[in-house]
Amino acid sequence: MPTQEAQKHAFVAPVKSYDLNEWQRGYESLKQEFDYWIDDVEGQIPPELNGTLFRNGPGLLDINGQRIHHPFDGDGMIVRVTFQNGRAHFCNRFVRTTGYLEEQQAGKILYRGVFGTKKPGGWLNNAFDFKLKNIANTNVIYWGNKLLALWEAAEPYRLDPYTLETLGQEYFDGILSEGEAFGAHPRFDPHSKLDGGAPCLVNFSIKPGLSTTITIFELSPAGKVVRKHACTVPGFAFIHDFAITPNYCILFQNPVTFNPIPFVLGMRGAAECIKFQSQRPTRIIIIPRQPKQKQIKILETYCGFVFHHANAFEQDREIIIDSICYKSLPEVEPESDFRKVNFDALDPGQIWRFHLNLQNHTVQQQLLESRHCEFPNLHPQKVGHSYRYIYVAAASASHGSAPLQAFLKIDLHSGKQQFWSAAPHGFVGEPVFVPRSNAQQEDDGWILALVYDGANHRSDVVILDARELHQGPIARLHLKHHIPYGLHGNFTSEVFLPRN
Ligand SMILES: [Fe+2]
């Protein structure tokens, strides 16, 4: 019998909210393409919810059995869920990029991936091959009557919103050149000050090197590029997302270095050559949206690594920006298997608020939420403006890193929270807030999301009432199959269904 002292020090493993094997199966490829009305529904689809949810993400985690090294290298697959009069229709299609078509025809990996996927044949067969495969897998937007699949290192691919047929690359009337980057995280300004209050799509692109060129694009509701201007900042930059206010674009230049040699020699993917520098500050780059105002500001702070921002707004002489920060960024190792990730060894993504003082160039920061979370979302009319509610996908446990299994709503005014967890078998994707038409309150609407059901190896589309998020889904739409964990998407009030 153990002594009292031994009992006191006995290690008690915390009960995990998930089973790693179940989580892993959410990363199986979905090779089939479907098109059907969803009949297996628990609860009720609100009849006043009409429109289309588009979502993008890696659909293939292998090419004919050859595993890709990281999900971020997976070919983009568009998921479309259309809501009409209390019913919902499902459709998924791969973006038929040049690389996708070539590899499907060859039945093997033909391209190196940014996140470490290698062609068969070892490093000798990969060295000095700098061909980039545009995988179009990160986001999908409907803007200017065009459905566009986005990947941050190359031009968008355009699809037919009715059939999801790939129509080819999009160059915006020659504004983009072949292979030119167009970011995967555009922001939709609901009332652009520079356009008399009309909506505007704002995006950026990065051309990294010893110094980095940042290009800002602004598109009218008709999809025309109305402003495009560039600036150069010192140093290498890895910037995935940004935020906007009526007057500014704000980008966080993460503290990283890039050593190209293992990439050149075929031993690592480009992203595997990025090294996080914990001792160095993050540089916050503030670019005026008005192209005539050339003066950019760069502020510094220590905040770890940032992939995603929730929102930003101007208040007095400050810009306030809410971002998800990781204390460190683990390197993607060439021999590692992402399916065997040790979540306990990772830092959680936590929401921080930054006050950027434009007068004295200081930064103040405060922790808003310590629970691990990702994929922030908000009311689309509040983008760039003071807002009250933030929605995120979150870990089920309040501490540490873990798969995303829950949704969290934070009232930024009162600090109150609502929380619903799909654990132990559910693994959630990005929550998309859809306002109810004619709503008076900021949270009067729904949260739409995909949830992988690990117990049944299939996915659900869930609908939650955003006012009562803690009550859980008001409808669960059971799909006939699973959908691999995805990335980003958007809702449009237009109803896209197959043409008869
Ligand atoms: Fe993202």
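Our subject is the structure that appears above.
Keep in mind it's a predicted model, so treat the numbers as computed, not measured.

### Thoughts on the nonpolar core
Part 1 of the argument: Counting residues in hydrophobic clusters, the biggest one holds 41 residues, and the most contacted among them are Val81, Phe83, Phe90, Ile463 and Leu477.
Part 2 of the argument: Contributions of two or more residues to this core are made by β6 (77-84), β7 (87-94), β31 (432-435), β32 (445-453), β33 (458-465) and β34 (473-478).
Part 3 of the argument: If we ignore the near neighbours within four places in the chain, the residues touching Leu477 are Ile38, Asp40, Val41, Ile45, Phe83, Ala88, Ser459, Asp460, Val461 and Ile463.
Part 4 of the argument: Listed in part, the 32 residues of the second largest apolar core include Ile214, Cys231, Ile320 and Ile351.

### A look at the environment of Lys131
Part 1 of the argument: Secondary-structure assignment places Lys131 in the loop between α3 (98-106) and β8 (139-143).
Part 2 of the argument: Owing to a relative accessible area of 46%, Lys131 belongs among the partly exposed residues under this scheme.

### A short note on empty space enclosed by the protein
Part 1 of the argument: Under the definition given, this model contains 2 cavities of 30 Å³ or more.
Part 2 of the argument: The calculated volume of the largest cavity comes to roughly 120 Å³.
Part 3 of the argument: Asp73, Tyr111, Arg112, Gly113 and Lys133 are the residues nearest the centre of the largest cavity, which is lined by 14 residues in total.
Part 4 of the argument: For the lining of the largest cavity, the per-class residue count stands at 8 nonpolar, 2 polar and 4 charged.
Part 5 of the argument: Counted as a void, the second largest cavity has a volume near 50 Å³.
Part 6 of the argument: Elements with a contribution of two residues or more to the lining of the second largest cavity: β3 (51-55) and β32.
Part 7 of the argument: Ranked by residues supplied to the lining of the second largest cavity, first place goes to β32 with 3 residues.
Part 8 of the argument: Grouping the amino acids of the lining of the second largest cavity by side-chain chemistry returns 5 nonpolar, no polar and 2 charged.

### Comments concerning α3
Part 1 of the argument: All buried positions along α3 are accounted for by Gly99, Tyr100 and Glu103. What you see down the axis of α3 is that its buried residues fit within an arc of 100°, all on one side.
Part 2 of the argument: Summarising the contacts, the buried residues of α3 are in contact with β4 (62-63) and β7.
Part 3 of the argument: Once α3 ends, the next one or two residues include Gly107, with phi positive near 70°.

Cut-offs and rules
- Residues numbered from 1 in each chain as written.
- Predicted model: local features only at pLDDT ≥ 70, side-chain atom pairs only at ≥ 80, totals over all residues.
- Heavy atoms only, no water.
- Core = buried A, V, L, I, M, F, W, Y, C linked by side-chain atoms within 4.5 Å.
- Buried < 20%, exposed > 50% of the residue type's maximum accessible area, 1.4 Å probe, protein only.
- Helix = DSSP H or I, 4+ residues; strand = E, 2+ residues; numbered from the N terminus.
- Contact = heavy atoms within 4.5 Å.
- 1 Å grid on protein atoms, 1.4 Å probe; cavity = no way out; pocket = protein on both sides within 12 Å on 5 of 7 lines; lining within 4 Å.
- Points joined across faces, edges and corners; volume = space filled by probe spheres on them.
- Nonpolar A, V, L, I, M, F, W, Y, C, P; charged D, E, K, R; others polar.
- Arc of directions from axis to C-beta.

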